[in-house]
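If you want the building blocks of each chain, they are given just below.
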Amino acid sequence: MIFTKTPVDGAYIIELQRLEDERGFFARSFCQHEFQEHGLNPNVAQCNISYNQIKGTLRGMHFQAAPHEEAKLVSCIQGAIYDMIIDIRPCSSSYGHHFAIELTAEKHNALYVPEGFAHGFLTLEPHTSVFYQMSEFYASGYGRGFRWNDPAFNIKWPEPPRLISERDANYPNYSIDLLK
């Protein structure tokens, strides 16, 4: 695997190191040892899939509050997404900064999202599936979110969303009180 640091502290782009032949290719997409060597949380407590029928579906910005913060390894297994993360760790050198990347089934790339980040995405194709490996179990009552278009972050999404849940559309703007 190829690990590339992003401009936000602790987040990495992960690309496959392909072994190709006439059949196609083989590549490792996860390895606890390699994650540990890069200082990343290698724990996988659960895996989730998000299927999205419509191009322009927006999900986010979501996170799980303390003491149940979760690291995520996000990949797109069908279609394509514009994947967005925001560092909401008050003591981080990149607090308040965001990073986005296009994840596609064709590229087989992934984004490692550390604990203490909000995450969201916009689908760029219809029938898009997103696969998440989560370091923590879902903890009812600790799920949080804030507006995908909060002016405090000045995020430039590639296009306006066509479909967003009522819950996501009605989240408040970010406040440090959301972390509690």
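Residues numbered from 1 in each chain as written. Predicted model: local features only at pLDDT ≥ 70, side-chain atom pairs only at ≥ 80, totals over all residues. Heavy atoms only, no water.

We now examine the environment of Ala 11. With respect to the helices, strands and loops of the structure, Ala 11 is situated in the loop between β1 (2-5) and β2 (12-15). Residue classification places Ala 11 among the buried positions, given a relative accessible area of 1%. When neighbours within four sequence positions are excluded, Ala 11 is seen to be in contact with Thr 4, Lys 5, Thr 6, Ile 85, Tyr 112 and Pro 114. (Helix = DSSP H or I, 4+ residues; strand = E, 2+ residues; numbered from the N terminus. Buried < 20%, exposed > 50% of the residue type's maximum accessible area, 1.4 Å probe, protein only. Contact = heavy atoms within 4.5 Å.)

Once that is clear, we can look at the sheet that holds β2. Read from one edge of the open sheet, 6 strands run β1-β2-β10-β7-β12-β5, paired in antiparallel fashion. Here the strands that pair on one side only, and so sit at the sheet edges, are β1 and β5 (46-52). Neighbour-to-neighbour, the strand axes of this sheet turn through a mean angle of 25°, independent of strand direction. Both strand β7 (residues 72-78) and strand β10 (residues 110-113) contribute to a ladder of 4 bridges, which runs antiparallel. From the neighbouring strand, Lys 72 faces β10, where its bridge partner is Val 113. (Pairing = 2+ DSSP bridges. Axes fitted to C-alpha atoms, helices over the stretch in contact; angles between N-to-C directions.)

A separate point is the pairing of β1. A regular strand carries its side chains on alternate faces of the sheet. Relative to β2, β1 is paired through 4 bridges, and the arrangement is antiparallel. Looking across to β2, one finds that Phe 3 is bridged to Ile 14. Hairpin remark: β1 followed by β2, antiparallel, with 6 residues in the connecting loop; positive phi at Gly 10, about 95°.

The values are spatial; any link to function lies outside them.
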